Amino acid sequence: MAPCGRVRSPWPGPLALLLLSLSLSAAEPAAAGPGLGAAGQGGQQQVPAGGPGPGGRGPRGGGGGGSSGGWKLADEPACREDVTRVCPKHSWANNLAVLECLQDVREPDNEISSDCNHLLWNYKLNLTTDLKFESVAREVCKSTIAEDAHSQGEVVACLEKGLVKEAEESDPRIKVSDECKKAILRVAELSSDDFHLDRHLYFACRDDRERFCENTQAGEGRVYKCLFNHKFEESMSEKCRDALTTRQKLIAQDYKVSYSLAKSCKSDLKKYRCNVENLPRSREARLSYLLMCLESAVHRGRQVSSECQGEMLDYRRMLMEDFSLSPEIILSCRGEIEHHCSGLHRKGRTLHCLMKVVRGEKGNVGLNCQQALQTLIQETDPGADYRIDRALNEACESVIQTACKHIRSGDPMILSCLMEHLYTEKMVEDCEHRLLELQYFISRDWKLDPVLYRKCQGDASRLCHTHGWNETTSDLMPTGAVFSCLYRHAYRTEEQGRRLSRECRAEVQRILHQRAMDVKLDPALQDKCMIDLGKWCSEKTETGQELECLQDHLDDLVVECRDIVGNLTELESEDIQIEALLMRACEPIIQTFCHEMADNQIDSGDLMECLIQNKHQKEMNEKCAIGVTHFQLVQMKDFRFSYKFKMACKEDVLKLCPNIKKKVDVVICLSTTVRNDTLQDAREQRVSLKCRKQLRVEELEMTEDIRLEPELYEACKSDIKNNCPNVPYGNAQIIECLKENKKRLSNRCHQKVFKLQENEMMDPELDYTLMRVCKQMIKRFCAEADSKNMLQCLKQNKNNEVMDPKCKQMITKRQITQNTDYRLNPVLRKACKQDIPKFCQNILSTAKDDAELEGQVVSCLKLKYADQRLSPDCEDQIRVIIQESALDYRLDPQLQMHCSDEISRLCAEEAAAQEQTGQVEECLKVNLLKIKPEMCKKEVLNMLKESKADIFVDPVLHTACALDIKHHCAAIPPGRGRQMSCLMEALEDKRVRLQPECKKRLNDRIEMWSYAAKVAPAEGFSDLAMQVMTSPSKNYILSVITVSICVLFLIGLLCGRITKRVTRELKDR
């Protein structure tokens, strides 16, 4: 059907309007009264006082809308009072003007009488019997009316379809003139109260009316509404459905075509200036404008009558159900509908299919189509009431009944509730898809979330300079940018200036929590990161993986995308509850350990810190642990991503570490500054106190997972693969594995691990494994100890009866590590800083800078201890090391290195003991003659030599002789071989009776020392002198030497006298 052409008749507009009015057909032939005189003759038959009723005489079209003397509506007793009261006096002579005036009365308190209503209905009905109508209509609209259109009803239907079709074509063949449009819409409006007056629709829907609306009383548009509600029923005839669709399209062009809507909302439209009386057919008449104008009033908290809101709800639902009622959708999305969404016309499925296309799940969509969809969503405003979206309503009904039953039906928070249950067990797949499709558009205009708009419109106007709800936004502040503006202000501190109100902040947080579930719900993120999503994250299709993927590739993203992801990550660091999926996974651990932080309205990073601290609790599940670890890894990319660290240290970073971005580098920079200030005894620390406290937290967190120390991780990746393939990350297990396999590591990894151990020994609190395993023992024994002395304290209490075996084992591991290199023992290093270069310079000079010394320096100091040549502080530390290693051979790296084969061969049973108490060392001493490797024999001899210097370094002998020392040597101070000399003298003294075990052990030691002297004689006078001084028989040897010297001196004197006498006698001769 071609659209209405330009009206070529020279007749004025009122005649065209009358012509269209004549098209209204009678619902029942019996209703038409007998004819009057011919039209145009001015003759008219009188009408009964009661007005023309069924079967009565009625007016023919004589005089029609003219002003010549004839039958006039204004003169009828049934309507005279109403006409006088309602219509202006100049219109009384024109029947059509009076009809229009009375037809426009919609206010309940200004209704016309029932008799007048009846008269008007009959008048409209009788007008259609004029035989000249068809010929005039064909003459006036001959370019529009098809030849096969015979009845007046079909002619009107043809004109209406032509008008509708023109609106749906971008370049219509024939354009409809404004006067023709007005006339067609006016005819539709005049028939809006009773469907009988729309002859085409009446005949098309007679059977459907009986089927669906049998009990619906005619009048006030009730039958129309009933039929609209059943339009998509399976049993609805296609003919009726088409006729209903045409009428709905006319309503979309002019809301007055709907009697009930125009009547219910007339006062509200006037109150909120939603229509302009002077321009009845301008844009203000469009249904979309009416809806948006009244919705704006509702969103601003204005009062709109319940009747009007009910009508608005019906028509908003109507627009969402049938895309064809929106000409913009047909014009802009025709190609997308044909390619992706054909055959899905009913119940809003076509719109949701288009939404799915826009989301990028079924191909691409044009910008115009996307804009048309966005406009339609704003017009229908389904965010205010989910029931407007029938497809969503039907898909989510079961979820609403189970998860959201506590919320009143139709409440805007239903959508929010559904979003909170997204990806949960209660959510069904179809509801999930429909919900995300709708939320995609709601997320792109902050005004489409009614709760957010109501709570934040004042803040948005004050801080973001926004316009009204239905006003066009400027290019400087598009709708998508308003929410970005709001959330930037939501997380400002009081010092930073203007902040959001409490209510608005809560809503912004709610929206952020929901958007975090799907990257497509963040317009800016999707827009700026589309290329990067395709490049790096095309395979990440699981829930929440896309954002994690972008965070993982942060350094690889284009600048604009990197900024968006960085800002979002920075926001998450302050309020991790934005990560709704993570919070859902971590709910058990939060309820158990972090509920106080979760209950705080302002997070400020406390909740994530709590989760990190409790990451290895038994209540922790795998999903939560993975999520927390991922966020920790992301934080390492930029110190701004750690909110508490950023806030505590931002001034220190700017001052001390400018141009450093990565968190690990900032931590190292600040830690180095703190350490240097401490070592140099600086009068004032350059790093502030609050920063030092938070820096400590960051340092401790980084020790938990090797991936949190990027340089170490990168250096050791291959070593981890080769040596720790099945060791899980977290709990510092990878780091511990690397330490245990240190000799197998590559040079680069070995250097990094050694540096890590050096830092841990200087600050044992950074040793995550030690702190974790010995947590309870630290509380018991070292609660008041300084963190720097924690390991020292644990070593001192290692052999306590209540010491936890696992902690004891861990302490032993750390002792072994310390004895491998003096640099890993800060206390020894400080105590022996003068002795090491003095006595062990040859070892230091030959060692490589990046190589460990394998206990050589410690062994060197042990020998000097035996020679009693160390400084007092150094001697005390070496004594402790000798005592500890005498109880456990593993603490002597040189002995373990050179004697491992001999220990396995000669002392396997002792080495296998669960707890080492010096049995292996004793075994090696006893089997000294059986030891073959010279280096091992030398180490055992060194042990013997060390034991001569102090009985405390020989635990077996000390245990055997403990009572004898107490009885016979109690007054003699330990050290420098004094107590050993005391026992040797007691052994030689026949009057002293030693314990049998002590006596036996002493005799064994004397034999060993004798053998050691033979095997390893003194290498010089100094060694000989030292051996004498450290010998248990020192006094005896010194006495013998003294006597020998005296004897030699006397012999010398005697010989001197003799030679002198002989010489004198020779001279006398």
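As recorded by an unreviewed UniProt entry, the protein carries the name Golgi apparatus protein 1 and is attributed to Gopherus evgoodei.

A. Quick peek at the overall build of the protein. Broken down by element type, the protein carries 58 helices and zero strands. Going through the 1069 residues of the protein one by one, you find that 52% of them count as buried. A separation threshold of at least 6 residues defines the contact pool for the protein, and within that pool the share at least 24 residues apart is 64%. Total accessible area on the protein stands at roughly 51,600 Å², and carbon and sulfur atoms take up 49% of it.

B. The arrangement of helix 51 (residues 919–926) in detail. Where burial is concerned, most of helix 51 is hidden: six out of the eight residues are buried. Turning to helix 51, its buried residues are V920, E921, E922, C923, L924 and K925.

C. The packing of aromatic side chains, seen in detail. Counted by the stated rule, this structure contains eight aromatic pairs. Taking 5.0 Å as the distance between ring centres and 45° as the angle between the ring planes, the aromatic pair formed by W446 and Y453 counts as tilted. For the pair W446 and Y453, a shared accessibility class is recorded, and that class is buried. Ring centres of Y713 and Y729 lie 6.1 Å apart, and the angle between their planes is 75°; on these two criteria the pair is classed as edge-to-face. Pair noted here: Y713 is in helix 36 (residues 710–715) and Y729 is in the loop between helix 37 (717–723) and helix 38 (733–740), with a separation of 16 residues, a long-range link. Judged by its relative accessible area of 18%, Y713 falls in the buried class.

D. Fine view of the packing of helix 26 (residues 545–552) against helix 27 (residues 559–574). Closest axis-to-axis distance for the helix 26/helix 27 pair is 10 Å, and the angle between their directions is 110°. Looking at the two axes, helix 26 sits roughly perpendicular to helix 27. Facing helix 26, whose interface residues are L547, L550 and Q551, helix 27 presents C561, V565, L568, T569 and E572. Residues belonging to the contact of helix 26 with helix 27 are distributed by class as follows: five nonpolar, two polar and one charged.

E. Examining a nonpolar patch on the surface more closely. On the surface, V1043, V1047, L1048 and I1051 cluster together to form a nonpolar patch covering roughly 370 Å² of accessible area. Take V1043: it is sitting in helix 58 (residues 1034–1068).

F. Just the state of the cysteines, in detail. Enumeration over the complete set of coordinates arrives at 27 disulfides. A sulfur-sulfur separation of 2.0 Å characterises the disulfide bridge that pairs C213 with C226. Its S-S torsion of approximately -100° makes the covalent link between C213 and C226 left-handed. You can see C213 sitting in the loop between helix 9 (206–212) and helix 10 (222–229) and its partner C226 sitting in helix 10, a full 13 residues away along the chain. Between C782 and C793 runs a disulfide, and the two sulfur atoms are separated by 2.0 Å. The S-S bond linking C782 to C793 shows a torsion near -95°; that makes this disulfide left-handed. With C782 in the loop between helix 41 (775–781) and helix 42 (790–796) and C793 in helix 42, the pair connects residues that are eleven residues apart, well separated along the chain. The pair formed by C782 and C793 is uniform in burial state, with each residue classed as buried.

G. Structural view of the nonpolar core. In terms of nonpolar packing, the biggest core is built from 96 residues, with L287, L294, I329 and L418 touching the most fellow members. Every residue in contact with L418, bar those within four places of it in the chain, is listed here: C396, V399, I400, C404, M427, C431 and L435. Core analysis: the second largest hydrophobic core is formed by 33 residues, I903, L928, A986 and A1012 among them.

H. Looking closely at the pattern of salt bridges. Evaluated as defined, the whole model comprises 61 salt bridges. Among the ionic pairs, E699 bridges to R696, the shortest N-O distance being 3.4 Å. Residue E699 and its partner R696 are located together in helix 35 (residues 689–702), separated by three residues, close to a single helical turn. With a relative accessible area of 15%, E699 lands in the buried category. Bridged by salt links that share partners, the residues E922, K925, D954, E997, R1001 and R1005 form one connected network.

I. Up close: helix 33 (residues 643–656). Between its first and last C-alpha atoms helix 33 spans 19 Å; for 14 residues at 1.5 Å apiece the expected length is 20 Å, and the two agree. Along its length, helix 33 shows its largest kink, about 65°, at C649. Within helix 33, burial applies to Y643, F645, K646, A648, C649, D652 and V653. Contacts made by the buried residues of helix 33 are with helix 27, helix 34 (663–679) and helix 35.

Procedures and definitions
Residues numbered from 1 in each chain as written. Predicted model: local features only at pLDDT ≥ 70, side-chain atom pairs only at ≥ 80, totals over all residues. Heavy atoms only, no water. Helix = DSSP H or I, 4+ residues; strand = E, 2+ residues; numbered from the N terminus. Buried < 20%, exposed > 50% of the residue type's maximum accessible area, 1.4 Å probe, protein only. Contact = heavy atoms within 4.5 Å. Areas by Shrake-Rupley, 256 points an atom, 1.4 Å probe, with all protein chains shown as cover. Phe/Tyr/Trp six-rings, centres within 6.5 Å; stacked < 30°, edge-to-face > 60°. Axes fitted to C-alpha atoms, helices over the stretch in contact; angles between N-to-C directions. Parallel < 35°, antiparallel > 145°, perpendicular 65-115°, else oblique. Nonpolar A, V, L, I, M, F, W, Y, C, P; charged D, E, K, R; others polar. Patch = residues over 30% accessible without salt bridge, like charges linked within 9 Å, V, L, I, M, F, W, Y side chains within 5 Å. Salt bridge = Lys/Arg side-chain N within 4 Å of Asp/Glu carboxyl O. Disulfide = S-S within 2.5 Å. Core = buried A, V, L, I, M, F, W, Y, C linked by side-chain atoms within 4.5 Å. Expected span 1.5 Å × (residues − 1). Bend = angle between axes of the 7 residues up to and from the residue.

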